[in-house]
Amino acid sequence: MRINARVLIIGLAVVLPLVAFLAAGFRFDPHEMSSPLVGKPAPSFRLQSLDGEVWELEALRGKPVVVNFWSTWCAPCIQEHPALLGASRHYADSVQFLGVVYQDDTAAIASFQQRHGSWGPSLLDPGGKTAIAYGVYGPPETFFIGPDGVIVDKVIGAVSGGHLKRTLDGLL
Amino acid sequence: MEHEQPSARSTLSTALLLGLLGLSAAVVAAAQPVPAPAEPTVERGLGEPEGAALSGEELDEATYELSDRLRCPVCQGLSVAASPSPSALAMREEIRELLAAGYTDDQIVAYFEGAYGEFVRLVPKPEGFNLLVWIVPVIAVASGLLWVLLQTRRGRRSRGRGDESGEDSHQAAEDAELARYREEIRRRATRGGAGVP
């Protein structure tokens, strides 16, 4: 079979850049989407918890804060729950853990916490305004805020115990 | 009996007085500020509004137009205006609130971009690497048109040449065919020893 050299060159010129482009895409983990908020001051908020307590991010300046957007209908949120529970106990005196309820109802949250325990206050976010300010795509998303109020890391998906330990040890 | 009349009157007066006191106490209590549930607030870092506050139909239209330029973060290629998801609904409400407060389109897009990154723009900014998105299709279409044009011209030219030399080429083809037959007969004759006509 004779191969037309010109057709071969044109074909390769078209196909090779496309293959290279797609191959480069495979190198990226979709869970490692960089957030433009990392390295910037965390949007401050004043939210009420499930038990009526008011929490202000500004008032927590001076100690690291873990803000986790979660809901009871999200499977990875349930998966990461033990890791957050363990970390909140380990860093009870030095780190503040805050959960922000993402598109869920209070009864479901209360029932979940009764069954599985709570790693921190669950803050209500009416209208999802806090989730928008933090650029949340979907739960769970975890933001690590340094003592100076700057976001140092963001995790999309279930956060692991190892990641919590590494990041929080780095902040303390 | 003489004592009963004033006693009944005083009881009635006391009851009226108590009723009035109760009513005024209720009015005073209603006027007292009742501790409202804490208003949730989020700092957007948008600064002061730089445009005019919109309302009514103008607000509806502006909300739709701006929502149509932003990507729904939980959907596959849908705009905030087109998506029925709760996230898109929350974003639409946020856009509406900001437009009603007098924030401009640029301020609002910058706010969403600051939170979600450039991904939130359905139409990427024409700068840097993004320019490829604008340039490559133009180059591809122009190259395709050029190729079609060149092929058409070439085809027309070769057809023209074919018309002029059609007879000659037909004769040449026949001659070549005949020559092949003669050669074949000569070869067989040589092999078989038969004479050549």
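Just so it is clear, the structure is predicted and the values come from calculations on it, not from any experiment.

Draft legend 1. Inspection of the interface of chain B and chain A at higher detail. Opposite the 26 residues of chain B that make contact, chain A presents 25 residues. Buried area between chain B and chain A, summed over both chains or domains, comes out near 1,900 Å², and the portion from carbon and sulfur atoms is 55%. For the pair chain B and chain A, the number of links is two salt bridges. Here chain B and chain A share eight residue pairs in polar contact (both at pLDDT 80 or more) between them. Those elements that place two or more of their residues in the side of chain B that touches chain A are strand S1 (41–42), helix H3 (86–100) and helix H4 (105–116) of chain B. Tallied by class, residues from the side of chain B that touches chain A come to 15 nonpolar, four polar and seven charged. In the sheet, strand S1 (residues 45–48) of chain A pairs with S1(B) via two bridges, with the strands oriented antiparallel. Across the sheet, the residue bridging to A:Arg46 is B:Thr41, located in S1(B).

Draft legend 2. Quick peek at the packing of helix H2 (residues 56–67) of chain B against H3(B). Residue and element names in this part refer to chain B. Packing of H2 against H3 leaves a shortest axis separation of 9 Å and a crossing angle of 130°. Viewed along their axes, H2 and H3 adopt a mutual orientation that is oblique. The chirality of how H2 crosses H3 is right-handed. For the pair formed by H2 and H3, the contact residues are Leu59, Asp60, Ala62, Thr63, Leu66 and Ser67 on the first element and Arg92, Ile95, Arg96, Leu99 and Ala100 on the second. When the residues that make up the contact of H2 with H3 are grouped by side-chain class, the tally is six nonpolar, two polar and three charged.

Draft legend 3. The arrangement of the pairing of S1(A) in detail. Residues and elements named next belong to chain A. Taking every second residue as pointing to the same face, the buried face of S1 carries Phe45 and Leu47, while none of Arg46 and Gln48 on the other face is buried. In terms of strand pairing, S1 meets strand S2 (residues 54–56) through three bridges, oriented antiparallel. Following the sheet pairing, Leu47 is matched in S2 by Trp55. Turn length for the S1-S2 hairpin, with the two strands adjacent in sequence and antiparallel, is five residues, and the turn residue Gly52 shows positive phi of about 90°.

Draft legend 4. The arrangement of the packing of H3(B) against H4(B) in detail. Residues and elements named next belong to chain B. The N-to-C vectors of H3 and H4 enclose an angle of 140°; their axes lie 10 Å apart at closest approach. In terms of orientation, H3 and H4 fall into the oblique class. Between H3 and H4 lies a crossing of right-handed hand. When H3 is examined against H4, the residues Met91, Glu94, Ile95, Leu98 and Leu99 are found in contact with a partner set consisting of Asp105, Ile108, Tyr111, Phe112 and Tyr116. For the contact of H3 with H4, the class distribution of residues is eight nonpolar, no polar and two charged.

Draft legend 5. Focus on the environment of A:Gln113. Residues and elements named next belong to chain A. Counting through the fold element by element, Gln113 comes out in helix H3 (residues 106–116). As a C-alpha pair, Gln113 and Thr72 span 41 residues in sequence and 9.5 Å in three-dimensional space. Ignoring any residue separated from it by four or fewer positions in sequence, one finds Gln113 in contact with Leu50, Trp70, Ser118, Gly120 and Ser122.

What counts, and at which threshold
Residues numbered from 1 in each chain as written. Chains lettered and ligands numbered in written order. Predicted model: local features only at pLDDT ≥ 70, side-chain atom pairs only at ≥ 80, totals over all residues. Heavy atoms only, no water. Contact = heavy atoms within 4.5 Å. Buried area = accessible area lost by both parts, 1.4 Å probe. Salt bridge = Lys/Arg side-chain N within 4 Å of Asp/Glu carboxyl O. Polar contact = N/O pair within 3.5 Å; in protein donor to acceptor, adjacent residues only side chain to side chain. Helix = DSSP H or I, 4+ residues; strand = E, 2+ residues; numbered from the N terminus. Nonpolar A, V, L, I, M, F, W, Y, C, P; charged D, E, K, R; others polar. Pairing = 2+ DSSP bridges. Axes fitted to C-alpha atoms, helices over the stretch in contact; angles between N-to-C directions. Parallel < 35°, antiparallel > 145°, perpendicular 65-115°, else oblique. Left-handed = near helix turned anticlockwise from the far one by under 90°. Buried < 20%, exposed > 50% of the residue type's maximum accessible area, 1.4 Å probe, protein only.

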